[in-house]
Amino acid sequence: MLQKDVKLDNTTKTWVLKKHIDFLQSFGKERHQYESSMMEFLRMSGMYWGLTALYLINDGKIPKEDEIFEYIKSCEHSCGGYSPAPGHDPHLLYTLSAVQIACLLNRELELPIEKIVSYVSNLQQDDGSFSGDKWGEIDTRYSFCALACLSLLGKHNVIDLVKAVEFIKSCQNFDGGFGSRPGAESHGGLIYCCVGSLSIAGRLDLVDADTLGWWLAERQLPSGGLNGRPEKLPDVCYSWWVFSTLNILGRDHWIDKEELKTFILASQDNEGGGFSDRPGDEPDPFHTLFGLAALSLMSYDTILPIDPTYCMPKAVINRLGLKPQTLS
Ligand SMILES: COc1ccc(S(=O)(=O)N2Cc3cc(-c4ccc(C=O)o4)ccc3N(Cc3cncn3C)C[C@H]2Cc2ccc(O)cc2)cc1
Ligand SMILES: [Zn+2]
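Owing to the predicted nature of the structure, the values given are computational and were not obtained by experimental measurement.

### Re the packing of aromatic side chains
And then number 1: With the rule as written, the count across this model stands at nine aromatic pairs.
And then number 2: Taking 4.9 Å as the distance between ring centres and 90° as the angle between the ring planes, the aromatic pair formed by Trp49 and Phe286 counts as edge-to-face. Of this pair, Trp49 sits in helix H3 (residues 43-57) while Phe286 is found in helix H13 (residues 285-297), placing the two residues 237 residues apart along the sequence.
And then number 3: Under the relative-accessibility criterion, Phe286 is labelled partly exposed at 23%.
And then number 4: Counting every residue linked through ring pairs, the aromatic cluster contains Trp49, Phe144, Tyr192, Trp240, Trp241, Phe286 and Phe290.
And then number 5: The lysine or arginine in question, Arg107, covers the ring of Phe69, its NZ or CZ lying 4.2 Å from the ring centre.
And then number 6: A cation over a ring is seen here: Arg219 above Trp215, with NZ or CZ 4.2 Å from the ring centre.

### Focus: the site of ligand 1
And then number 1: Lining the immediate environment of ligand 1, one finds 13 residues, of which Leu42, Gly46, Asp235, Cys237 and His287 sit closest.
And then number 2: In the model, a nitrogen atom of ligand 1 is placed 3.0 Å from a nitrogen or oxygen of the Asp235 side chain.
And then number 3: Against a free-state accessible area of 780 Å², the protein chains account for coverage of 58% of ligand 1.
And then number 4: Looking at the shell around ligand 1, the elements with two or more residues in it are H3, helix H11 (236-248) and H13.
And then number 5: The leading source of residues in the shell around ligand 1 is H13, at three residues.
And then number 6: Class assignment for the residues of the shell around ligand 1 results in eight nonpolar, two polar and three charged.

### Some words on helix H12 (residues 257-266)
Side chains of residues three or four places apart in an α-helix project in the same direction, reflecting 3.6 residues per turn.
And then number 1: Among the residues making up H12, those that are buried are Leu260, Lys261, Phe263, Ile264, Leu265 and Ala266.
And then number 2: In this structure, the buried residues of H12 make contact with H11 and H13.
And then number 3: With a side-chain oxygen lying 3.0 Å from the backbone nitrogen of Glu258, the N-terminal cap of H12 falls on Asp256.

### Looking at the packing of helix H5 (residues 92-104) against helix H6 (residues 113-121)
And then number 1: For the pair H5 and H6, interaxial distance at closest approach is 11 Å and the crossing angle is 150°. Judged by the angle between their axes, H5 and H6 are roughly antiparallel. Crossing angle aside, the handedness with which H5 passes H6 is left-handed. For the pair H5 and H6, contact is made by Leu92, Thr95 and Val99 and by Ile116, Tyr119 and Val120, respectively.

### With respect to the coordination of the zinc ion (ligand 2)
And then number 1: At the metal site, the zinc ion (ligand 2) is ligated by Asp235 (OD), Asp235 (OD), Cys237 (SG) and His287 (NE2), and these contacts range over 2.1 to 2.4 Å.
And then number 2: On the primary sequence, the residues serving as donors to the zinc ion (ligand 2) are separated as D-x1-C-x49-H. Residue Cys237 is located in helix H11, and its partner His287 is located in helix H13; the two are separated by 50 residues in the primary sequence.
And then number 3: Owing to a relative accessible area of 9%, His287 belongs among the buried residues under this scheme.

### So, the environment of Cys171
And then number 1: The topology assignment puts Cys171 in the loop between helix H8 (161-169) and helix H9 (188-200).
And then number 2: Assessed through its relative accessible area of 0%, Cys171 is described here as buried.
And then number 3: Each C-alpha atom of the pair Cys171 and Ala184 lies 7.2 Å from the other, and the pair is 13 residues apart in sequence.
And then number 4: The residues contacting Cys171, other than those within four sequence positions of it, are Thr140, Gly177, Phe178, Gly179, Arg181 and Pro182.

Reading the values: the criteria
Residues numbered from 1 in each chain as written. Chains lettered and ligands numbered in written order. Predicted model: local features only at pLDDT ≥ 70, side-chain atom pairs only at ≥ 80, totals over all residues. Heavy atoms only, no water. Phe/Tyr/Trp six-rings, centres within 6.5 Å; stacked < 30°, edge-to-face > 60°. Helix = DSSP H or I, 4+ residues; strand = E, 2+ residues; numbered from the N terminus. Buried < 20%, exposed > 50% of the residue type's maximum accessible area, 1.4 Å probe, protein only. Lys NZ or Arg CZ within 6 Å of the ring centre and 35° of its normal. Near = heavy atom within 4 Å. Polar contact = N/O pair within 3.5 Å; in protein donor to acceptor, adjacent residues only side chain to side chain. Areas by Shrake-Rupley, 256 points an atom, 1.4 Å probe, with all protein chains shown as cover. Nonpolar A, V, L, I, M, F, W, Y, C, P; charged D, E, K, R; others polar. Contact = heavy atoms within 4.5 Å. Axes fitted to C-alpha atoms, helices over the stretch in contact; angles between N-to-C directions. Parallel < 35°, antiparallel > 145°, perpendicular 65-115°, else oblique. Left-handed = near helix turned anticlockwise from the far one by under 90°. Donors = N, O, S within 2.8 Å, 3.2 Å for Na, K, Ca; no water.

Pasting the structure below:
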């Protein structure tokens, strides 16, 4: 079977740091008005992606902090959950994003912590799994959102951690990977969520690190890029999902970092700044964060260090006194 991949033209793209800062600072303004309005359904997450990316390359400086915190408050619901934008329904995805942004601003203590904690713990099911909102869709993504959100607030002991870990273990496959539910196929993004959850819970002993490490290293293609499943095209965001998981498992030397770096840099937009999913596509804040975050794990240029488990600046995780488990 011909391996699907992209062909990098041999001009290595220059590192356009200033343009990435401009791209991130202008998102939501006139230049990106259209895309930004189209993305209202995920705006709170879009702000976490854009602001974290900016923090990493702008020496931790974030503009308009008060305006951002007012926006978070405008998305708060009486149940303790946050919506992506005013007038939308609350959901665990955007509650995590709101807490992550508040932590970036060093203002997490100004949040209604007890209400958020009760919102998140009420989403845990009898089998230890989590749903994303009242409609009840179960997904290991939501286990990660719940554990990350509560641990950032120093409250992860309010849920049944043993059962939460048990559910994640029930989603482990013979290839060492994890899926969205028991029996679902292994997928790079869900493996990151499950290994990240076990890292927060201090239970990486449950991971078969060699078998999973091998499956993850198999994601690298001749272009240097990583895909999320066999036979898929490489994509910059998998540079984060797959590479940060290898980093947590102490096996990130199992892939060729130089080739991954080349693929990520080739996915920069040299005109307007930002990163796309692969060379030649439109850049967006989502792929810009995950491209920069992977480069940060490779200590590229002046990008500030990032924590592989939380996808947040190390300085913020250290300030919160959090020590997510990693294997050496
Ligand atoms: C453009 O098409 C999509 C498809 C899915 C989504 S998603 O919300 O389900 N989601 C996140 C995601 C976001 C973007 C994006 C564009 C502009 C912005 C502004 O901030 O963000 C783009 C893609 C995307 N995807 C889809 C994707 C990424 N790489 C390959 N694909 C198909 C991921 C998707 C799932 C997701 C992942 C992480 C997360 O924290 C939340 C949702 C969003 C747009
Ligand atoms: Zn992607």
